[in-house]
Amino acid sequence: MAKLTDSNSAGEPEIAVQPTTYNSSDGAYTTELKFTETYKRFTDAHPAIREAMCLKAEYPSYFTAIRDDDLFAGRIKHGRVGFSMDEWGPTAFGYYCQPDEIMKAIEDGLVPPERKDAIMEMAAFWKHEDTSSKLRASYPKEMAEYLPSDDWMGSSGIAFPLYRLTGANVNFKELMVLGIPGLLRKIRDSRAKAVQSGGDHRLFEAMEIAVDVLVDVCKYYQKTAEQKAADVRITDSKRSAELLKIATTLEMITVSKPKTLREAIQLFWLYSLVGDIRNYGRMDVYLGDFYANDLRSGMLSEEEALKLLQSLWQLMADRNTRVHGRVIIGGMGRPNIESADKFALLAMEASRTVKEIEPQLSLRIYQGMNPELMEKALEVIGEGRTFPIIYNDDVNIPAVAKGFEVSISEAEQYVPFGCGEYIIDHKSFGTPSGVINLLKALEVTLHNGKDPLTEKVAGLALGEFKDFKDFEELWAAYKRQVEFFVDFMARQEELEYKVAGESAAFLFASMLYDDCMERGKAIFSGGIHCLGGTLETYGNTSAADSLTAIKQLVYEKKTVTPEELLAALDSNFVGHERIRKELRECPKYGNDDEAADDMLLRVHNHVCNYVRDQKKKTGLHSYSVVIINNSANTLMGHQTAASADGRLSKTFMNNGNAPSSGNDAEGLTAMLNSIVKPDPSIHAGAVQNMKFSKDLFVNKRPELKALLETYFEKGGTQAMITVVSKGDLEKAMQNPGNYRHIFVRVGGFSARFVELDRDVQLDILSRTLY
């Protein structure tokens, strides 16, 4: 191919892709510097072309070696500078840089002295040029004033932006049908149409370059596998044969569409890594037929297929996306139910035998499904895996149809991603790019706009607590406080998409998202079918229980004055133990108590409906609440003062849609009756964490099945189940080295219990065990 030449009439360098020379990222920041120079060279080029050339600069350099037990190629270690579809670091997406880590490496003497100035210059360049910095710089004055910090994990505040474009679920089924050659043909056909119609043909030129990058990665790994096979041919003939299979598979997927399960998995996996796709969609739909065909033809046995999937599962675990890595199985709307169900059973066996925290296997269930799937799910969960997470299609599909304003057939393609947010598979996007702490909003309202922890203005000054004549005045002030920040978060989400679209085409997502090629537009530049957003809410139950207590004690019984309550809260109840006792004795959500549950519904309905209304004020197709949880209830709880539910200052809040830890005192049935009450059609996902004893799963399986069936029949949307004993958790805190086998559901993700921060461990330990 020809080399890069002088500019064309559009003022961009002419593009002709060269064979890649491979050099991995190293302590000298070779790839990061190369990436930066490429970006500078193409600064004024079409955003899609600039992105494509930058992808070529970073890949395959950021890919790492095939390990001894791998049956597929594909491991990656991103550099300190690069391009990300999803999120890289706490506040990064698109073009990113990690300047703190770079400067620390310089201070620690880990970079060659002759490169120091160039590396420091690189870090300084990206300080204002990375995509998240451009987003922050675009904030209007008032938004910047009330959203002053991005550090939601360590700063006190009501709401925070999250800089990320997370949750892409691309059309892997189409990738399997087309393969790399077919995808290239589709791109070239679309480019030809764009040229004829005067459309944006540069987008398709960039897509061709991106596919070339994918091919480069395949060839890089093919060469690596062949060399490793030769190296061990004498000493380990079995491993040599495995490596040659990897090499042959890599060669095949570059010249034809996949024909076997092995080829399909390899293509899927490398596309996910090159495109930075971290959620894997309905895997039984796009891999099920390959599995069934291989079994029928004798290409694979069930044991051999399991080994392939176990290897993929380990690669996913080692990728360590932490709150992503969703694999969806089961559910309505699958065209290949029989082969998909076979694959789903294989997937659950892989999760049973590969004892890791990823992938986040999620099983969609429905009336009339193959009963083997639920039996297998309970077997795997009962062994302490925390997977699969169970989703109830009979409730979720109608709810998604209503909430997203789509047809039932479209809603059948819903997929949970990340911590549990819903989108429509390869049709919609809904990154959660903001968080709001409802308990903090109440706290600031009670203190007339001030944050009692920092003593700084943190929200609207809406009046002194003592001057609210009745509960409805306080409720109105709380609502106004929440709405003020929701308005900012919706506008911030809209701005994020605008900046993203101006910065890049996000080529690997655009190639496999519905309508992008047909419209000739990149995913965030008008290409996507439905561009939505989501807002993570935290402290919902804690806020509701606090409001219940205030309503009863301050306004109805009048046993506590506003001044007395504020004094108790501000002192963290020291010297006010009587008031705390009264607060804790008030009704709490999770006990099927009408007063407590009605208040939760009031809080839930208000925030969900007000957030939904933001689509009328923005260019978003939807904007919805997600009531999910990672460890944010603990981290944001550290920045939240004592609350009127009796919670102490700087301690964890409730988790997701669950009762506050330990407050569900009336038993499992009462708790389940409470958590099915919130309307699932006005949000985009909620998590229901449940902690069951081993005895219930092992010795009382019929009772357990009846309980779960009743829960789902009454409207339960989802169940994330941890099976563990309290004693084992306590022992694990004392002797972590002996208990690395214990997995728990934190919120929207699973983790080894011993690897969690102590505060998060205490939160999980405090949850009611049934």
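Only a predicted model underlies this, so the values are computations on that prediction, with no experimental measurement involved.

## Section: the overall build of the protein
When helices and strands are counted, the protein shows 31 helices and 20 strands. Over its C-alpha trace the protein gives a radius of gyration of 27 Å, about what one expects of a compact globule, namely 27 Å for 770 residues. Counting only C-alpha atoms, the protein reaches 85 × 60 × 55 Å along its principal axes. Counting the 770 residues in the protein, one finds 63% classified as buried. Within the protein, counting contacts between residues at least 6 apart in sequence, those at least 24 apart form 74% of the total. Between the centroid of the 91 positive side chains of the protein and the centroid of its 110 negative side chains there is a distance of 2 Å.

## Focus: the sheet that holds strand 7 (residues 360-365)
Taking strand neighbours across the sheet as the criterion, the 5 strands line up as 6-7-8-18-17 in an open arrangement whose pairing is mixed. Edge positions in the sheet fall to strand 6 (326-330) and strand 17 (689-692), since each of these pairs with one other strand and no more. Neighbour-to-neighbour, the strand axes of the sheet open up by a mean angle of 30°, direction not taken into account. With 2 bridges connecting them, strand 8 (residues 389-392) and strand 18 (residues 718-723) associate as antiparallel partners. Bridge pairing in strand 18 links I390 to A719. In the packing of helix 13 (residues 337-353) onto the sheet, contacts are made with strand 6 and strand 7, and the angle to strand 7 comes to roughly 140°. Sitting on the sheet, helix 29 (residues 701-713) is in contact with strand 7, strand 8, strand 17 and strand 18, with an inclination near 155° to strand 18.

## Quick word on the confidence of the model for the protein
Atomic detail in the predicted coordinates should be set aside for any region of low pLDDT. Of all residues in the protein, 95% have pLDDT values of 70 or greater, and the mean over the chain is 92. Per-residue pLDDT stays below 50 along residues 16-24; that stretch engages in 25 contacts with residues further than four places along the chain or on separate chains.

## Observations concerning the pairing of strand 12 (residues 432-437)
Counting buried residues in strand 12 gives 6 out of 6 residues, a clear majority hidden from the surface. Note that strand 5 (residues 159-161) and strand 12 share 3 bridges and pair antiparallel. From the neighbouring strand, A159 faces strand 12, where its bridge partner is I436. Pairing of strand 12 with strand 15 (residues 530-538), which is carried by 4 bridges, proceeds in the parallel orientation. Along strand 15, the bridge assignment pairs I436 with T537.

## Some remarks on the environment of F697
Tracing the backbone through its elements, the reader meets F697 in helix 28 (residues 694-699). Residue F697 is classed as buried on the basis of its relative accessible area, which comes to 1%. The sequence separation of F697 and K557 amounts to 140 residues, and the corresponding C-alpha distance is 44 Å. Sequence-distant contacts of F697, defined by excluding residues within four places in its chain, comprise L378, I381, G382, F692, L704, I721 and V723.

## Structural notes on the pattern of salt bridges
Inspection of every chain in the model, using the stated rule, returns 45 salt bridges. A salt bridge links K134 to E129; the shortest N-O distance between them is 3.0 Å. The class for K134 is partly exposed, based on a relative accessible area of 30%. We note a salt bridge from E383 to R352, for which the minimum N-O separation is 3.3 Å. One end of the pair, E383, is in the loop between helix 14 (371-382) and strand 8; the other, R352, is in helix 13, with 31 residues separating them in the sequence. One network of salt bridges, in which partners are shared, links R188, R191, R202, E205 and E208.

## Let's talk about helix 22 (residues 540-556)
Working note: α-helix, 3.6 residues per turn, so residues spaced by three or four point in the same direction. For helix 22, spanning 17 residues, the distance from its first C-alpha to its last is 23 Å, which sits close to the expected 24 Å at 1.5 Å a residue. Burial within helix 22 is extensive, with 15 of its 17 residues counted as buried. At the C-terminal side of helix 22, K558 shows a positive phi close to 55°.

## Thoughts on the packing of helix 13 against helix 14
Between two packed helices, the angle of one axis relative to the other and the distance separating the axes together describe the packing. One way to put it is that helix 13 packs onto helix 14 with a least axis distance of 10 Å and a crossing angle of 5°. Taken together, the axes of helix 13 and helix 14 lie roughly parallel to each other. Across the interface between the two elements, D341, A344, L345, M348, E349, S351 and R352 of helix 13 pack against E372, L373, K376, A377, E379 and V380 of helix 14. Of the residues in the contact of helix 13 with helix 14, the class split is 6 nonpolar, 1 polar and 6 charged.

## Examining the packing of helix 8 (residues 201-231) against helix 9 (residues 237-255)
For the pair helix 8 and helix 9, interaxial distance at closest approach is 8 Å and the crossing angle is 160°. Between helix 8 and helix 9, the angle falls in the class roughly antiparallel. The interaxial crossing formed by helix 8 with helix 9 has left-handed handedness. Facing V215, C218, Y221, Q222, A225, E226, K228 and A229 of helix 8, the residues of helix 9 in contact are S240, L243, L244, I246, A247, L250, E251, I253 and T254. Taken together, the residues of the contact of helix 8 with helix 9 break down into 11 nonpolar, 3 polar and 3 charged.

## Remarks on the environment of Y711
Here Y711 shows up in helix 29. Sequence spacing of Y711 and T669 is 42 residues, and the spatial spacing of their C-alpha atoms is 8.6 Å. Discounting chain neighbours no more than four positions away, the residues touching Y711 are L672, I675, V676, Q688, M690, G716, T717, Q718 and A719.

## Quick look at unusual backbone geometry
P60 follows Y59 through a cis peptide bond whose omega is 5°. Looking at where P60 falls in the secondary structure, it is placed in the loop between helix 2 (47-58) and strand 1 (63-64). Omega for the peptide link from F387 to P388 comes to 0°, which places this bond in the cis form. Unusually for a residue other than glycine, T386 sits at a positive phi of about 70°. Relative to the helices and strands, T386 is located in the loop between helix 14 and strand 8. Given a relative accessible area of 1%, T386 falls into the buried group. Of note, the phi angle at D515 is positive, near 80°, even though the residue is not glycine.

Criteria and cut-off values
Residues numbered from 1 in each chain as written. Predicted model: local features only at pLDDT ≥ 70, side-chain atom pairs only at ≥ 80, totals over all residues. Heavy atoms only, no water. Helix = DSSP H or I, 4+ residues; strand = E, 2+ residues; numbered from the N terminus. Rg over C-alpha atoms; globule rule 2.2 N^0.38 Å. Buried < 20%, exposed > 50% of the residue type's maximum accessible area, 1.4 Å probe, protein only. Contact = heavy atoms within 4.5 Å. Lys, Arg positive; Asp, Glu negative; His and termini not counted. Charge placed at Lys NZ, Arg CZ, Asp CG, Glu CD. Pairing = 2+ DSSP bridges. Axes fitted to C-alpha atoms, helices over the stretch in contact; angles between N-to-C directions. pLDDT = per-residue confidence, 0-100. Salt bridge = Lys/Arg side-chain N within 4 Å of Asp/Glu carboxyl O. Expected span 1.5 Å × (residues − 1). Parallel < 35°, antiparallel > 145°, perpendicular 65-115°, else oblique. Nonpolar A, V, L, I, M, F, W, Y, C, P; charged D, E, K, R; others polar. Left-handed = near helix turned anticlockwise from the far one by under 90°.

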